[in-house]
Amino acid sequence: MRQKLVAGNWKMHGSLQSNRILLGRVRDELDGWQGAEVSVCVPAPYLAQAQSMLSGSSIAWGAQNVSKHASGAYTGEVSASMLLDFDCRHVLIGHSERRALYGESDHAAAAKFAAAVAAGLVPVLCVGETLHEREAGVTEAVIARQIDAVLDKAGIAAFGRAVVAYEPVWAIGTGRTATPEQAQAVHAFIRNRLRERDALVAENQVILYGGSVKATNAAELFSQPDIDGGLVGGASLVAEEFIAICRAARP
Ligand code: PEP
């Protein structure tokens with residue numbers, strides 16, 4: 001049985017003051033919640049705050065990006081070992097905003113994924129098609145290309161220590177959610193793609209859906225057979241909304 005996971009992606013939002021309230025609410029309401037693992041991926045400067053407020057609770061935390069390098073002259077970069085210094089569990093890899101706004105290629109995402117796994121972090125590999133690609137009928141080809149780049153670099157065994165998030169780009173921050181059927185179809189495709197390499201890894205693979213998940217649509221999405229929880233952007237910044245989404249995830 002796969003453990004469900006709901007991970008928040010705060011993107012570049014927050015302040016010490018607002019985080020204190022948000023993390024406090026999330027901790028008070030969700031510490032010990034058995035339905036799903038809960039995690040928050042916060043901006044790097046707030047990792048110390050997440051660590052100090054969530055240590056000892058059942059809620060995990062993580063980062064939104066990591067360098068493929070271990071250390072060196074890479075100004076502005078943050079390494080996997082630095083994230084581990086703050087007890088991060090998760091790190092987002094290849095989020096569509098990083099791909100679109102910072103030119104992160106499949107190849108770059110694969111290198112970061114491999115660095116994260118090698119260090120002992122759990123990468124959350126984000127994949128997804130644009131609206132143009134969906135309308136052109138190439139959704140599966142795009143997802144296959146994004147997954148295969150990581151498989152080729154890191155190998156199927158690395159997926160056993162990772163999470164995949166299907167995030168259709170047209171659904172991120174737009175209020176337009178994929179229907180449960182649309183999402184399920186792509187999730188099944190991803191699982192089958194992994195099954196071609198290793199049936200057991202594929203069966204145990206946690207695959208999240210992301211893209212305008214809200215309290216009102218979470219339960220239906222999470223009840224699909226191949227949807228193992230959610231990666232939540234905007235709604236993870238609103239305590240009551242995020243808490244309700246986490247409560248919608250149950251085995
Ligand atoms: C995201 O940032 O990963 C995301 C899914 O955003 P939103 O929930 O706001 O669509």
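Residues numbered from 1 in each chain as written. Predicted model: local features only at pLDDT ≥ 70, side-chain atom pairs only at ≥ 80, totals over all residues. Heavy atoms only, no water.

Can you break down the sheet that holds strand β2 (residues 37–41) residue by residue, with the values?
On the basis of which strands lie adjacent, the closed barrel formed by 8 strands has the order β1-β2-β3-β4-β5-β6-β7-β8 and parallel pairing. Along the sheet, successive strands turn relative to each other by an average axial angle of 25 degrees, direction set aside. The strands touched by helix α2 (residues 47–54) within the sheet are β2 and β3 (60–63), with β3 carrying the most contacts at an inclination of about 175 degrees. Along the sheet, helix α12 (residues 239–248) contacts β1 (5–9), β2 and β8 (229–232); its crossing angle with β1, the most-contacted strand, is approximately 160 degrees. (Pairing = 2+ DSSP bridges. Helix = DSSP H or I, 4+ residues; strand = E, 2+ residues; numbered from the N terminus. Axes fitted to C-alpha atoms, helices over the stretch in contact; angles between N-to-C directions. Contact = heavy atoms within 4.5 Å.)

Tell me about the site of the ligand, and please be specific about residues and values.
Close to the ligand lie 14 residues, the nearest being Lys11, Glu167, Gly173, Ser212 and Gly233. Across the shell around the ligand, the residue classes break down as 4 nonpolar, 8 polar and 2 charged. (Near = heavy atom within 4 Å. Nonpolar A, V, L, I, M, F, W, Y, C, P; charged D, E, K, R; others polar.)

Explain the side chain of Gln64 to me, and be specific about the residues and the numbers.
Relative to the assigned elements, Gln64 resides in the loop between β3 and α3 (80–85). In this structure the side chain of Gln64 is engaged in a polar contact, spanning 3.0 Å, whose partner is the backbone oxygen of Lys11. Among the polar contacts listed, one links the side chain of Gln64 to the backbone oxygen of Cys41, at a separation of 3.1 Å. In contact with Gln64, other than residues within four places in its own chain, are Asn9, Trp10, Lys11, Met12, Cys41, Val42, Pro43, Val91, Leu92 and Arg98. (Polar contact = N/O pair within 3.5 Å; in protein donor to acceptor, adjacent residues only side chain to side chain.)

Run through the nonpolar core, naming residues and quoting values.
Counting 70 residues, the largest nonpolar core has Phe113, Ile147, Phe159, Ile190, Tyr209 and Phe222 as the members making the most contacts within it. Considering every element that reaches this core, the biggest residue donor is α12, with 6 residues. Leu92, Val163, Ala165 and Val206 belong to the second largest nonpolar core, which has 12 residues in total. (Core = buried A, V, L, I, M, F, W, Y, C linked by side-chain atoms within 4.5 Å. Buried < 20%, exposed > 50% of the residue type's maximum accessible area, 1.4 Å probe, protein only.)

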